[in-house]
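# An overview of the molecular structure
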Amino acid sequence: MAVETSHPAPVWNDPSRPLATRVAALIEAMTLEEKTAQLYGVWVGASAQGDEVAPHQHDMEEAVDLEALMPTGLGQLTRPFGTAPVDPALGALSLQRTQARIVSANRFGIPALAHEECLAGFAAWGATAYPVPLSWGATFDPGTVQRMAAAIGRDMRSVGIHQGLAPVLDVVRDARWGRVEETIGEDPYLVATIGTAYVRGLESAGIIATLKHFVGYSASRAGRNLAPAAIGPRERADVLLPPFEMAVREGGARAVMHAYNDNDGVPAAADRQLLTGLLRDTWGFDGTVVADYFGIAFLKTLHGVAADWAEAAHTALAAGVDVELPSVKTFGEPLVQAVKDGRIPESLVDGALGRVLRQKAQLGMLDPGWDPVPAALRGTDPDDPDAVRGKVDLDSPANRELARELAEKAVVLLGNDGVLPLAAPRRIALIGPNAAEGTAVLGCYSFPMHVGVQHPDAPVGIDLPTLHDTLTAEFPDAAVTVARGTGVDDGDLSGIDAAVDAARNADVVIAVLGDRAGLFGRGTSGEGCDTESLALPGAQQQLLDALLDSGRPVVTVLLAGRPYALGRAVDESAAIVQSFFPGVEGTRAIAGVLSGRTNPSGRLPVSVPRGPGAQPTTYLGARLAQASDVSNIDPTPAFGFGHGLGYTTFTWSDLTVRSRQASTEGEFALAFTLGNSGERTGTEVVQLYLHDPTASVVQPVQRLVGYGRVSLAPGETRRIEITVPADVASFTGRDGRRIVEPGDLELRLASSSTAAHLTATVTLTGPVRTLDETRRFHATFARQASPEE
């Protein structure tokens, strides 16, 4: 009788062993081909029938033979849900079956890491489309953004996704750039805090958050997508890098995506000083650096710093890029052959591989018995796709409620002469290209606008009420007349007369203008949809001016991906409501603001320009960037960063400063009283700006260093205490080091960058202090109980 003997599990499959030991043993056991296979992805699409995924063909990549690749393993699967409209349960089944094949096909049973876009929600058919990041910034509410990200992450994880390609931490430098909608705003501290909250939420659900685009992508010349960036070292250090640093240090992000741009002749994908020296050696980042799609190949085809695919692979690996996405081009056969020929040291491959395998081990993907069945399909029959269909809900009531909360907090009331909230109007003229368009609330990375437009016969997959629908429900006794007037960007003037006639027969006109999200010129906002000026697209300004001449009060509502100059409407509209692609619940949120059901509390994350051509400009300008007598161009905005109105009023009083002097290692303590002097509950966004009147290098006139949302009932007051560490006054000095200098500072307590209410003049004393990466990022806000409590 034969005696069975148990064989110990290989070291790499033993969770009791130290992680580094497991990874090192696996690397030692792998062939070169098996190593490189873990360093690239393959772009696939899930099967609508639940069968295995199929390679996605893209005009920028060659056909991939997935069957031939599987025996050596596969590092990543690119966008299995975000490639075509597929029922999410069948998509999960398709991914499950493919993972089982990948595991069984390679010697070590290593599954692929699956990634997806999740910029404004999980980019899958039928998933909730949340407000775009520019709306996250408008909330000034990291907590709600973190809860949203956690919900997105849970949905992704439930169907077998491991990594999300978000958030975008690019700081807006030129609003003509098409991807402004994907950013959080024009201030680095706002972008950092909101972006870090998103990272925390996504990571809390077990999804690897991917910071992008590292770094300088938003600073392209003339706002053109994928154009060279002109960034000085100080702008990079003090404006563009802080959001990434905070998201790494405080958010725990586990992946970073390099940017497409070059800066001063060095492409980000080839910048070892950036990807290794700063990111890993200085900040201590120990995750993976992934390529933006086709970014490594671009080193040869666009940047011209590599003569062939092998040199492109070598350049990227040496800089610190670990994973080629979306598919294999340079990290496959060209890399293998170059290593065998001695052109590329195998140690570079092993370094990247170690980071990739460590991440897979942390996800449990090297453990014995790893199960490809995702949580959403447990208990279902994988052999019965028809029974699985419809079993996964990615647009749950809880998701919709969270989307509604975020959308409501993001609506910004820019101006109001008292017409809002509307008092039971009998006749409403709802006019404009976005008045009755359901998709007007969606950004370019929402599934319907990113993928669905390529499948016009497929249903949208989510409920998208138009503003006409929600206004009709909000004002059931009003007669609502709809007139398109003109298209978003067609320049058609033929409908303007009819729109004006409708306006003259109404009590109030609601003009619904703005953008259409799209990709690469198919929209007015989105990736590759840059603009020459910030005039409203098409003939929308002509329509708006005609409505202003109608003699009826005009409420201008903007559903857009960037701020636009509004011409006469700035002064002549009865009210202006700004919403940045607010997602599936966006029109309900806007209707609630118009009726007064919701007291608006959103604040501008980007300035609204007075004129269409004074770009690039942001509120962070130095003194020479302000209006002057020596230039005929006035960059002063119509509405500044941080601006936003509500339906109540607030008083700011009784500022105290515990000590007006502190050392360059110390801190200041301020306190003031905020009161609601209006007749309804409201939320004020307290903003703290720092003004440094004299410094060794030129500083912006002011910059945001802290903020907090404070909700008060009518007549309620609350004492707000703020601790301001000297570290927040730091900047990059002449020698490239971050320093805090002694001298006078102004700490401005404000409701926007253009409305300071209380100012404390304080002084830093002592020597110039050099800071390291342990510096304090935040001024802290504490709220004492109100006297009424």
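Just so we're clear, the structure is a prediction, and the values are computed from it rather than from any experiment. Counting of residues starts from 1 at the beginning of each chain's written sequence and follows it residue by residue. Where totals are concerned, whole chains, interfaces and linings use all residues; where local detail is concerned, this predicted model gives features only for residues with pLDDT of at least 70, and gives and counts side-chain atom pairs only at 80 or more. Remark: hydrogens and water are excluded; side-chain values derive from all non-hydrogen atoms of the structure.

### Quick look at the overall build of the protein
Scanning the protein for helices and strands turns up 22 helices and 28 strands. By the compact-globule yardstick of 28 Å for 789 residues, the protein fits well, its C-alpha radius of gyration being 27 Å. Projected onto its principal axes, the C-alpha positions of the protein cover 95 × 65 × 55 Å. Taking all 789 residues of the protein together, the buried fraction comes to 62%. Across the protein, every contact between residues at least 6 apart in sequence was considered, and the portion connecting residues at least 24 apart equals 79%. Values of accessible area rely on a 1.4 Å probe in the Shrake-Rupley scheme; residue burial ignores everything except the protein chains shown. Accessible area of the protein: about 28000 Å², with a carbon and sulfur share of 49%. We count a stretch as a helix when DSSP gives it H or I for four or more residues in a row; a strand needs E for two or more, and each element gets its number in order from the N terminus. With C-alpha atoms as the basis for the radius of gyration, the globule rule is written as 2.2 Å multiplied by the number of residues raised to the power 0.38. Burial classes follow relative accessibility: with a 1.4 Å probe on protein chains only, a residue under 20% of its type's maximum area counts as buried, one over 50% as exposed, and anything between as partly exposed. In what follows, residue pairs with any heavy atoms lying within 4.5 Å of each other are defined as contacts.

### Quick word on the packing of helix H12 (residues 309-319) against helix H14 (residues 346-362)
Helix-helix packing is characterised by the crossing angle of the two axes and by the distance between the axes. What counts as an axis is a line fitted to C-alpha atoms, over the stretch in contact for a helix, and the angles between N-to-C directions run from 0 to 180 degrees. Direction vectors running N to C along H12 and H14 enclose 55°, while the axes themselves pass 10 Å from each other. One way to sum up the angle between H12 and H14 is to call them oblique. As for the relative orientation of H12 and H14, their crossing is left-handed in sense. Touching His314, Leu317 and Ala318 of H12 are Leu348, Val349 and Ala352, all from H14. When residues are sorted by character, Ala, Val, Leu, Ile, Met, Phe, Trp, Tyr, Cys and Pro go into the nonpolar class, Asp, Glu, Lys and Arg into the charged class, and all the rest, Gly among them, into the polar class. Across the contact of H12 with H14, the residue classes break down as 5 nonpolar, 1 polar and no charged. In this scheme, roughly parallel covers angles under 35 degrees and roughly antiparallel covers those over 145, while 65 to 115 is roughly perpendicular and the rest are oblique. Should the near helix be turned anticlockwise from the far one by less than a right angle, the crossing is termed left-handed; should it be turned clockwise, right-handed.

### Comments concerning the environment of arginine 107
Considering the arrangement of structural elements, one finds arginine 107 in the loop between helix H4 (88-105) and strand S4 (113-116). Residue arginine 107 is classed as exposed on the basis of its relative accessible area of 54%. Residues arginine 107 and isoleucine 296, 189 residues apart in the sequence, show an inter-C-alpha distance of 28 Å. Apart from the residues lying within four places of it in its own chain, the contact partners of arginine 107 are Ala29, Met30, Thr31, Glu34 and Pro71. Separated by 3.1 Å, the side chain of arginine 107 and the backbone oxygen of alanine 29 make a polar contact. Side-chain atoms alone can form a polar contact between residues adjacent in sequence; in general such a contact is a pair of N or O atoms within 3.5 Å, and within protein one must be able to donate a hydrogen while the other accepts it.

### A word on the pattern of salt bridges
Salt bridge criterion: a side-chain nitrogen from Lys or Arg within 4 Å of a carboxyl oxygen from Asp or Glu. Counted according to the given criterion, the structure contains 51 salt bridges. Residue arginine 400 pairs with glutamate 585 through a salt bridge whose shortest N-O separation is 2.9 Å. Of the two residues, arginine 400 is situated in helix H16 (residues 397-410) and glutamate 585 in the loop between strand S16 (575-580) and helix H22 (586-595); the sequence distance between them amounts to 185 residues. By relative accessible area, arginine 400 is classed as buried at 12%. Residue classification places glutamate 585 among the buried positions, given a relative accessible area of 7%. Of the charged contacts, one joins arginine 588 and glutamate 585 as a salt bridge, the two residues approaching to 3.0 Å between their closest N and O atoms. Exposure remark for arginine 588: the relative accessible area of 33% places this residue in the partly exposed category. Through salt bridges with shared partners, one network takes in Asp141, Arg147, Glu405, Lys409 and Arg709.

### Regarding the pairing of strand S1 (residues 41-45)
The two faces of a sheet get side chains in turn, since along a regular strand they alternate between them. For S1, the buried fraction is high: 5 of the 5 residues fall into the buried class. Note on pairing: DSSP must find at least two bridges between two strands before they are called paired. Pairing geometry for S1 and strand S2 (residues 54-55), over 2 bridges, is antiparallel. The partner of glycine 45 across the bridge, within S2, is alanine 54.

### Comments concerning empty space enclosed by the protein
Remark: the empty space left among the atoms is shown by a probe the size of a water molecule rolled over them. Whether a set of points on the 1 Å grid over the protein atoms alone is a cavity depends on a 1.4 Å probe fitting there but being unable to get out, while an open set qualifies as a pocket with protein on both sides within 12 Å along at least five of seven lines; lining residues are those with an atom within 4 Å of a point. Grid points are joined across faces, edges and corners, and a volume is the space filled by probe spheres set on the points. Taken as a whole and judged by the stated rule, the model has 5 cavities of 30 Å³ or more. Here the largest cavity defines a volume of roughly 60 Å³. Around the largest cavity, the lining residues are Gln38, Gly75, Gln76, Leu113, Gln163, Thr288, Val323, Val356, Gln359 and Lys360. Element by element, the count of residues in the lining of the largest cavity is highest for H14, at 3 residues. Classifying every residue of the lining of the largest cavity gives 3 nonpolar, 6 polar and 1 charged. Estimates place the volume of the second largest cavity at around 50 Å³. Residues that form the lining of the second largest cavity fall into these classes: 9 nonpolar, 3 polar and no charged.

### A few points about the packing of aromatic side chains
Here a ring pair, both rings aromatic, is described through the centre-centre distance and the interplanar angle of the planes. Any Phe, Tyr or Trp ring, taking Trp's six-membered ring, that has another such ring centre within 6.5 Å forms a pair; planes under 30 degrees apart are called stacked, those over 60 apart edge-to-face, and the others tilted. Scanning all chains against the criterion turns up 17 aromatic pairs. Taking the centre distance of 5.2 Å and the plane angle of 80° together, the rings of phenylalanine 140 and tyrosine 707 count as edge-to-face. Taken together, the residues span a long stretch of sequence, with phenylalanine 140 in the loop between helix H5 (133-139) and helix H6 (142-158) and tyrosine 707 in strand S21 (residues 703-712) at a distance of 567 residues. The same class applies to phenylalanine 140 as to tyrosine 707, namely buried. In this arrangement the basic side chain of lysine 212 is found over the ring face of tyrosine 445, its NZ or CZ atom lying 5.6 Å from the centre. Positioned above the aromatic ring of tryptophan 309, the side-chain terminus of lysine 300 is 4.7 Å from the ring centre. As a reminder, the over-ring test applies to NZ of lysine and CZ of arginine, requiring each to be within 6 Å of the ring centre and within 35 degrees of the ring normal.

### Some words on H4
Over its 18 residues, H4 extends 25 Å from the first C-alpha to the last, a length consistent with the 26 Å expected when each residue adds 1.5 Å. All buried positions along H4 are accounted for by Pro88, Ala89, Leu90, Gly91, Ala92, Leu93, Ser94, Leu95, Gln96, Thr98, Gln99 and Ile102. Where H4 begins, one side-chain oxygen reaches toward the backbone nitrogen of alanine 89, 2.9 Å away; that side chain belongs to aspartate 87. A helix is expected to span 1.5 Å multiplied by its residue count minus one.

### Let's talk about the sheet that holds strand S20 (residues 682-691)
If you trace the 5 strands from one edge of the open sheet to the other, you get S18-S26-S25-S20-S21, paired in mixed fashion. Only two strands of the sheet have a single neighbouring strand rather than two, namely strand S18 (661-663) and S21. Going from strand to strand, the sheet's axes swing by 30° on average, the running direction of each strand aside. By the bridge criterion, 5 bridges tie S20 to strand S25 (residues 743-752) in an arrangement that is antiparallel. Paired with histidine 691 across the two strands is glutamate 746, which belongs to S25.

### Quick look at H16
Between its first and last C-alpha, H16 extends 20 Å over 14 residues, near the 20 Å set by a 1.5 Å rise per residue. Taking burial as the measure, the 14 residues of H16 include 10 buried ones, the bulk of the element. In this structure, the buried residues of H16 make contact with H5, H6, strand S11 (412-416), S16, H22 and S21.

### Examining the sheet that holds strand S23 (residues 731-732)
Spatial ordering of the open sheet is given by S23-S24-S27, a layout of 3 strands whose pairing is antiparallel. Edge strands, defined here as strands with exactly one partner in the open sheet, are S23 and strand S27 (769-770). For strand S24 (residues 738-740) and S27, the ladder comprises 2 bridges, and the chain directions are antiparallel. Paired with valine 740 across the two strands is arginine 769, which belongs to S27.

### Brief notes about unusual backbone geometry
Cis geometry is found at the peptide bond from lysine 212 to histidine 213, where omega equals 5°. For histidine 213, the location among the structural elements is in strand S6 (residues 208-214). Positive phi, close to 55°, is recorded for leucine 226, a residue that is not glycine. One can find leucine 226 in the loop between S6 and helix H8 (233-240). Look at leucine 226 and you get partly exposed, because its relative accessible area is 32%.

Keep in mind that these numbers describe shape and distance, not what the molecule does.
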